[in-house]
Amino acid sequence: MIPTIDVGKDFYHRLANRDNKQGDGKYTAVEFRKKYLADLNNEGAWKTNDLFIEFDFSNVKRIGPSFANEAFGYFTQYARPEVILQRIKFKHISEVQLMIIKEELEVGYYNRK
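Every chain begins its residue count from 1, and numbering advances along the sequence as written. It should be noted that, the model being predicted, local features are given only for residues of pLDDT at least 70 and side-chain atom pairs only at 80 or more, the latter also being counted only at that level, while totals for whole chains, interfaces and linings use all residues. Side-chain metrics in this entry use all non-hydrogen atoms of the structure; hydrogen atoms and water are not considered.

Draft legend 1. Focus on the overall build of the protein chain. Helix and strand counts for the protein chain stand at five helices and five strands. Only DSSP runs of H or I reaching four residues or more are called helices, and only runs of E reaching two or more are called strands; each is numbered from the N terminus. Each helix and strand of the protein chain, ordered N terminal to C terminal, gives the series β-α-β-α-β-β-α-α-β-α. The size measure is the radius of gyration over C-alpha atoms, and the globule rule it meets is 2.2 Å times the number of residues to the 0.38 power. The C-alpha atoms of the protein chain give 13 Å as radius of gyration, which agrees with the globular expectation for 113 residues (13 Å, within 12%). Here the C-alpha coordinates of the protein chain stretch approximately 35 × 35 × 25 Å along the principal axes. Expressed as a percentage of the 113 residues in the protein chain, the buried residues total 46%. Across the protein chain, every contact between residues at least 6 apart in sequence was considered, and the portion connecting residues at least 24 apart equals 76%. Areas reported here follow the Shrake-Rupley algorithm with a probe of radius 1.4 Å; residue values treat only the protein chains shown as occluding. For the protein chain, the exposed surface amounts to about 6400 Å²; the carbon and sulfur share of it is 47%. Only protein chains enter the accessibility calculation, which uses a 1.4 Å probe; a residue whose area is less than 20% of its type maximum is buried, one above 50% is exposed, and one in between is partly exposed. Residues are treated as being in contact if the distance between any of their heavy atoms lies within 4.5 Å.

What follows is the structure, encoded as structure tokens:
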């Protein structure tokens, strides 16, 4: 069974901080990635097209580009954006929130350094 995480309740409703050096340093994308997506942090995890996880954004008020880049764009080192979106699903996400995630997947994590 694919886990569905209510991000706003299980993690935080405001997704803004890339790491502990940004903003108040709490509820960071690095923490989020390690908590929910650690099993995808290797090349082998991307060799199948199986759905890995679903995030429910119904209780998320905001997602910032730096958070999206660190939490999701990070995986562009292993897979193309369309593959990432096959493995990680989003429900109850606004068009703007999804647009931010997709944009950060397109620019990629490693293209920003």
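Read on, since the account is not over.
Draft legend 2. Local environment of the sheet that holds strand S5 (residues 88-91). The rule for pairing is simple: two strands pair if DSSP sees at least two bridges between them. The parallel open sheet is built from three strands, whose spatial order is S1-S3-S5. Looking at which strands have only one partner, the edges of the open sheet turn out to be strand S1 (4-6) and S5. Averaged over all pairs of adjacent strands, the angle between their axes in this sheet comes to 25 degrees, without regard to strand direction. Sheet topology note: the S1/strand S3 (residues 53-56) ladder contains three bridges and is parallel. If you follow Asp6 over to S3, its bridge partner there is Asp56. The axes are straight lines fitted to the C-alpha atoms, using for helices just the contacting stretch, and the angles between their N-to-C directions are given from 0 to 180°.

Draft legend 3. Up close: the packing of aromatic side chains. Any two of the Phe, Tyr and Trp rings considered here, Trp counted by its six-membered ring, make a pair once their centres fall within 6.5 Å; the pair's planes then place it as stacked at under 30 degrees, edge-to-face at over 60, or tilted in between. Applying the stated criterion across every chain yields a total of 16 aromatic pairs. Note on Tyr12 and Tyr27: the rings are 3.8 Å apart at their centroids and 0 degrees apart in plane angle, and the pair reads as stacked. You can see Tyr12 sitting in the loop between helix H1 (7-10) and strand S2 (14-15) and its partner Tyr27 sitting in the loop between S2 and helix H2 (29-36), a full 15 residues away along the chain. Their ring planes at 45 degrees and their centres at 5.7 Å tell us that Trp46 and Phe75 sit as a pair that is tilted. Separated by 29 residues along the polypeptide, Trp46 in the loop between H2 and S3 and Phe75 in the loop between helix H3 (65-71) and helix H4 (81-87) bring together distant segments of the chain. In this structure, Trp46 and Phe75 share a single accessibility class: buried. Here the aromatic residues Phe11, Tyr12, Tyr27, Phe32, Tyr36, Phe55, Phe57, Phe67, Phe72 and Phe90 are joined through ring pairs into a cluster of three or more. Sitting over the ring of Tyr74, Arg33 keeps its end group 3.6 Å from the ring centre. Any Lys NZ or Arg CZ that is within 6 Å of a ring centre and within 35 degrees of that ring's normal is treated as a charge sitting over the ring.

The analysis is restricted to geometry; functional conclusions fall outside its scope.
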